[in-house]
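For reference, the chains in residue letters:
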Amino acid sequence: MEQDIDFTKYSFDFVEAIRSTVKNVWKYISSAVKVFKSHPILIVPLIPVWIAFSIAAVYLKNFDWEGNLTPWGQFCLLFWSVFALYFLLFISCSINLEMVQQSFTGKKMNLKNAVLETFKRNIWNILILNLVWTILFMILCFIEGVLAKSNESGKEDDISLKGIATTLTTTDTSFSTQLILRLARMAAFLVMPAICWENLGFISAVKRGYKILRSNLAVFSSGYVFISIMTLFVMLPVSAFYGINSWMVKHLPEVSIPPTIWIFVIIYTGLAWCFIIYFEQIFTALIYLWHIKWEKEVKIAKKEGTPIPKLADVEMPIMLRKFKYVFKKF
């Protein structure tokens, strides 16, 4: 006699799992916002990075690639540009993680000390991580270049304020490639705490990051989706502005938008970019901290002979609490 399957039970378990995951993600985001409000200094390392990205984006877009460089020269320029820019991004991540560690160990966040620690202890592993990232980035660009249809008609160089704003708020990569790059970037950010907090070598840090990613895959995936959606909302005002601008160009060609408005668009885009990258960095740091706290609870349970807690049973560490034991000798 066949036994009936209780689909209601499985449906309830699935809904409960989704609810729990969303709840944890919301805790992460709320904690990140609290950190930003209490310590806006965490956004400071990202501002020069965005400026560098902006200058490079405008320059490379208006650079005569075919007229000045051979194909090999074009490859080298793109490779080393990506390498230099993302090296700065990973440096900013390391600086922020060092400042977070300062906060958790009861010290005042000090940007200068965080920079010194980054270049004293983390620089070589960051270089290796950045090299791997750059190779991955180039592979994705190559794949997209092969699959994408060339459509260069109608593209004109424009180094006006409008052209700069357009360059910084649009991208030549496809939406799917942007999502893949965000996923890879957040995975790389999850490796960074192992380098900065546990002082692990590159290979060990990657293994550590992968282990934590696998243990927190549901929360990581939910946070990735949440941040991707949040990015769309943050950039919604800019999209609406360009919609209005397109309508004005078509129906009111005699009316031009003042330069101050384009300057505001550039500044808003820069702050939005910094805010999104900040969220990616802090979100992955929170995942890492939660996993460390769970490992600590497991050790205590084994020592005392009590039941080993599940990760979901351990309270997520709220940012700004001084979890001194987290940063004691690993």
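Residues numbered from 1 in each chain as written. Predicted model: local features only at pLDDT ≥ 70, side-chain atom pairs only at ≥ 80, totals over all residues. Heavy atoms only, no water.

### Some details on the overall build of the protein
The following threshold applies: Where helices and strands are cited, they refer to DSSP runs of H or I of at least four residues and of E of at least two residues respectively, numbered from the N terminus. Throughout this description, buried means an accessible area under 20% of the type-specific maximum (1.4 Å probe, protein chains only), exposed means over 50%, and partly exposed covers the range between. What makes two residues a contact is simply this: any of their non-hydrogen atoms within 4.5 Å. For the area figures, the Shrake-Rupley method with a 1.4 Å probe applies, and any residue is considered shielded solely by the protein chains shown.
Within the protein, the regular secondary structure consists of 11 helices and zero strands. In sequence order, the protein lays out its α and β elements as α-α-α-α-α-α-α-α-α-α-α. In the protein, which comprises 330 residues, the proportion classed as buried is 43%. Here the contacts in the protein between residues at least 6 apart in sequence split such that 80% fall between residues at least 24 apart. Surface exposure of the protein reaches about 19200 Å², of which carbon and sulfur atoms provide 67%.

### Remarks on the packing of helix α9 (residues 217-234) against helix α11 (residues 259-304)
Rules: To get an axis, a line is fitted to the C-alpha atoms, and for a helix only the part in contact is used. The angle between two axes follows their N-to-C directions and goes from 0 to 180 degrees. To sort the angles, those under 35 degrees are grouped as roughly parallel, those over 145 as roughly antiparallel, those from 65 to 115 as roughly perpendicular, and the leftovers as oblique. Gly counts as polar in this scheme, as do all residues outside two lists: the nonpolar Ala, Val, Leu, Ile, Met, Phe, Trp, Tyr, Cys and Pro, and the charged Asp, Glu, Lys and Arg.
Remark: α9 packs on α11, axes separated minimally by 11 Å, with the N-to-C direction vectors making an angle of 170°. Relative to α11, the element α9 is oriented roughly antiparallel. Residues V219, F220, G223, I227, M230, T231 and V234 of α9 touch α11, and the partners they reach there are Y268, A272, I276, F279, E280, F283, T284, I287 and W290. Residue classes in the contact of α9 with α11 are distributed as 12 nonpolar, three polar and one charged.

### Brief notes about the confidence of the model for the protein
Heads up, the condition is: Known as pLDDT, the predictor's per-residue confidence is scaled from 0 to 100.
Residue-level pLDDT values for the protein average 78, and 76% of them are 70 or greater. Counting interchain partners and residues more than four positions distant, the pLDDT-below-50 stretch residues 1-7 has one contact. Note that residues 320-330 has pLDDT below 50 and, in this model, 29 contacts with residues that lie over four places away or in other chains.

### Let's talk about the environment of A312
Along the polypeptide, A312 turns up in the segment after α11. Considered as a pair, A312 and W290 are 22 residues apart in the sequence and their alpha carbons are 9.8 Å apart.

### Some thoughts on the state of the cysteines
The condition that has to hold: By definition, disulfides here are pairs of cysteine sulfur atoms that lie within 2.5 Å.
In the structure shown here, the tally under the stated rule is zero disulfides. C93 takes part in no disulfide bond, and the closest cysteine sulfur, belonging to C196, lies 6.4 Å away.

### A few points about the pattern of salt bridges
This is how it is decided: What makes a salt bridge here is a side-chain nitrogen of Lys or Arg within 4 Å of a carboxyl oxygen of Asp or Glu, nothing more.
Under the defined criterion, the tally for this structure stands at seven salt bridges. With its nearest N and O atoms 2.5 Å apart, the salt bridge here joins E117 to R121. Of the two residues, E117 and R121 are both situated in helix α5 (residues 111-147); the distance of four residues between them amounts to about one turn of the helix. Residue E198 is joined to R208 by a salt bridge in which the shortest nitrogen-to-oxygen separation is 2.8 Å. One end of the pair, E198, is in the loop between α7 (175-196) and α8 (202-215); the other, R208, is in helix α8, with 10 residues separating them in the sequence.

### Overview of a nonpolar patch on the surface
Heads up, the rule is: Candidate patch residues must exceed 30% relative accessible area and have no salt bridge, after which like charges are joined if within 9 Å and Val, Leu, Ile, Met, Phe, Trp or Tyr side chains if within 5 Å.
Together, L131, I135, I139, F142 and I143 line one region of the surface with nonpolar side chains, adding up to about 470 Å² of accessible area. The class for I143 is partly exposed, based on a relative accessible area of 43%.

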